[in-house]
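Architecture and fold: a report
So you can see what is in the structure, the chains are spelled out below.
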Amino acid sequence: AMGGNHTQSEFILLGITDTPWAQAPLFGLFLLIYIVTLVGNIGLMVLVWVSPSLHTPMYFLLSHFSLADICYSTVISPKMLTGLLFGNKSISWAGCMIQFHLFALFVTAECHLLATMAYDRYMAICHPLTYVTVSPRACWHLVAWSYLVASLSALIYTGCTFGASFCGSHQVDHFFCDASPVLRLACSHARSSEVTIFILATANGLGTSVVILLSYGHILHTILSSHSALGRARAFHTCASHLASVSLFYGTLFFMYLQPASWHGSRDKVASVFYAVVSPMLNPFIYSLRNREVKGALGKCRRRILNLC
């Protein structure tokens, strides 16, 4: 049974820092980041939903990306915030497993959604005539596929992490239940579990990044061989935001998961803060502030609301 012979009924999350004076400022900072994350991503989803001009495959995928951002920051932030505010750092064994499972699911889904979004840009720029005929059903299929692969991966990650016996310390040196700090506490099967997780994380990470790199390679080739300067500028503009988001997300993710277990240390917490807390906050801004279509839709919504008032 999964974790059938664990002696722990709970774990203690040591958190980001144990320095007493740092708890209150960190609570304020992370609460602000979490509120901005929710407002930004929910705002973007609502805007896509109510603006007919944004009813395109690109924004459909972007709204699902925002949903995944909301979900995985909600899996981590509230527990981290209560730990900082009240010093309550214990989490039940089941709670720890559920937190890790949901986190693994949404992060893996984001990798596949980013690859799907890169493929969407490739189709829009390199095959515009075919792209116009893409049906909404095809978009739903791509999103469903992202979540299916993520669900299966998360089950394997969770089985590997919590299938071991825990008989020693129950202090998790992290601010949420992640595979490597939890496996450090295991007294059986930890090595084979780490290898399995590493192989699957590599397959998901490298598989999706290859799709992204190939898509952008084709896009770059198409843009550079285009004779229209305006077309070139618009295509670069559209892709720049996606690439910024990809770089931030994959850079910290690869740093975390594609390194040997012996290298993990205090830097992991800094990298984790970036992809688990900061990245979901920045994504709506990366995608919308530099985007003419989103700005236009926002302006229309604002005028509609003012007219109602």
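Residues numbered from 1 in each chain as written. Predicted model: local features only at pLDDT ≥ 70, side-chain atom pairs only at ≥ 80, totals over all residues. Heavy atoms only, no water.

Some details on the overall build of the protein chain
For the protein chain, the helix and strand inventory stands at ten helices and three strands. In terms of overall dimensions, the protein chain is globule-like: its C-alpha atoms have a radius of gyration of 21 Å, near the 19 Å expected for 309 residues. Counting across all 309 residues of the protein chain, residues that qualify as buried make up 50%. Working note: accessible area of the protein chain is about 15000 Å², and carbon and sulfur atoms make up 72% of it. Of the charged side chains in the protein chain, 17 are positive and 10 negative, and the gap between their average positions amounts to 16 Å. (Helix = DSSP H or I, 4+ residues; strand = E, 2+ residues; numbered from the N terminus. Rg over C-alpha atoms; globule rule 2.2 N^0.38 Å. Buried < 20%, exposed > 50% of the residue type's maximum accessible area, 1.4 Å probe, protein only. Areas by Shrake-Rupley, 256 points an atom, 1.4 Å probe, with all protein chains shown as cover. Lys, Arg positive; Asp, Glu negative; His and termini not counted. Charge placed at Lys NZ, Arg CZ, Asp CG, Glu CD.)

Notes on the sheet that holds strand 3 (residues 171-172)
Through backbone hydrogen bonds, the strands of a sheet pair up, either in parallel or in antiparallel fashion. Read across the open sheet, the three strands follow the order 2-1-3; overall the sheet is mixed. Looking at which strands have only one partner, the edges of the open sheet turn out to be strand 2 (90-92) and strand 3. Both strand 1 (residues 10-13) and strand 3 contribute to a ladder of two bridges, which runs parallel. The residue of strand 3 that forms the bridge with I12 is Q171. Along the sheet, helix 3 (residues 93-126) makes contact with strand 1 and strand 2, crossing strand 2 at roughly 85°. (Pairing = 2+ DSSP bridges. Contact = heavy atoms within 4.5 Å. Axes fitted to C-alpha atoms, helices over the stretch in contact; angles between N-to-C directions.)

Side note on the packing of aromatic side chains
Per the counting criterion, the structure on display carries eleven aromatic pairs. Ring centres of Y119 and Y122 lie 6.0 Å apart, and the angle between their planes is 40°; this geometry places the pair in the tilted category. Highlighted residues: Y119 and Y122, both in helix 3, separated by three residues, approximately one helical turn. Here the aromatic residues F11, W93, F100, F162 and F166 are joined through ring pairs into a cluster of three or more. (Phe/Tyr/Trp six-rings, centres within 6.5 Å; stacked < 30°, edge-to-face > 60°.)

Some points on a positive patch on the surface
Positive charge collects at one region of the surface, where K300, R302, R303 and R304 lie side by side. Within the secondary structure layout, R304 lies in helix 10 (residues 292-308). (Patch = residues over 30% accessible without salt bridge, like charges linked within 9 Å, V, L, I, M, F, W, Y side chains within 5 Å. Salt bridge = Lys/Arg side-chain N within 4 Å of Asp/Glu carboxyl O.)

Overview of the state of the cysteines
If you walk through the whole model with that rule in mind, you get one disulfide. At a sulfur-sulfur separation of 2.0 Å, the disulfide partner of C96 is C177. Here the disulfide of C96 and C177 is left-handed, its torsion about the S-S bond being about -115°. With a gap of 81 residues between them, C96 in helix 3 and C177 in the loop between strand 3 and helix 6 (179-183) connect regions that are remote in the sequence. For C96, a relative accessible area of 0% corresponds to the buried category. A relative accessible area of 0% places C177 in the buried class. (Disulfide = S-S within 2.5 Å.)

Here's the deal with the packing of helix 3 against helix 5 (residues 136-162)
Interaxial distance between helix 3 and helix 5 falls to 8 Å at its minimum, and their mutual angle equals 145°. Where helix 3 crosses over helix 5, the two elements pack in a sense that is right-handed. A class-by-class count of the residues in the contact of helix 3 with helix 5 yields 18 nonpolar, nine polar and no charged. (Left-handed = near helix turned anticlockwise from the far one by under 90°. Nonpolar A, V, L, I, M, F, W, Y, C, P; charged D, E, K, R; others polar.)

Some thoughts on the nonpolar core
Inside soluble globular proteins, nonpolar side chains tend to come together where they are buried. In this structure, F11, F30 and F103 are the most contacted members of the largest nonpolar core, which totals 93 residues. Sort the elements by how many residues they give to this core and helix 3 lands first, with 21 residues. (Core = buried A, V, L, I, M, F, W, Y, C linked by side-chain atoms within 4.5 Å.)

Thoughts on the pattern of salt bridges
Side-chain pairs of opposite charge can arise whenever the charged atoms involved come near each other. Following the criterion strictly, the structure yields three salt bridges and no others. A salt bridge links D120 to R121; the nearest nitrogen and oxygen atoms lie 3.0 Å apart. For D120, a relative accessible area of 6% corresponds to the buried category.

Here's the deal with the UniProt feature "transmembrane region" (unreviewed entry) in the protein chain
With numbering matched to this structure, UniProt assigns "transmembrane region" (unreviewed entry) to residues 26-50, 57-77, 97-119, 140-166, 195-214, 235-258 and 270-289. Between the first and last C-alpha atoms of residues 26-50 the distance is 36 Å; the span itself is 100% helix and 0% strand. Along residues 57-77 the backbone is 100% helical and 0% strand, and the end-to-end C-alpha distance reaches 30 Å. (UniProt positions renumbered as here; feature names shortened; annotations may be inferred.)

A word on the side chain of S63
Residue placement: S63 occurs in helix 2 (residues 57-86). Aside from chain neighbours lying at most four places away, what touches S63 is M45 and V48.

Considerations on a nonpolar patch on the surface
There is a patch of nonpolar side chains on the surface, built from I42, V46, W49 and V50 and spanning about 410 Å² of accessible area. By secondary structure assignment, the location of V50 is in helix 1 (residues 20-50). For V50, a relative accessible area of 34% gives the class partly exposed.

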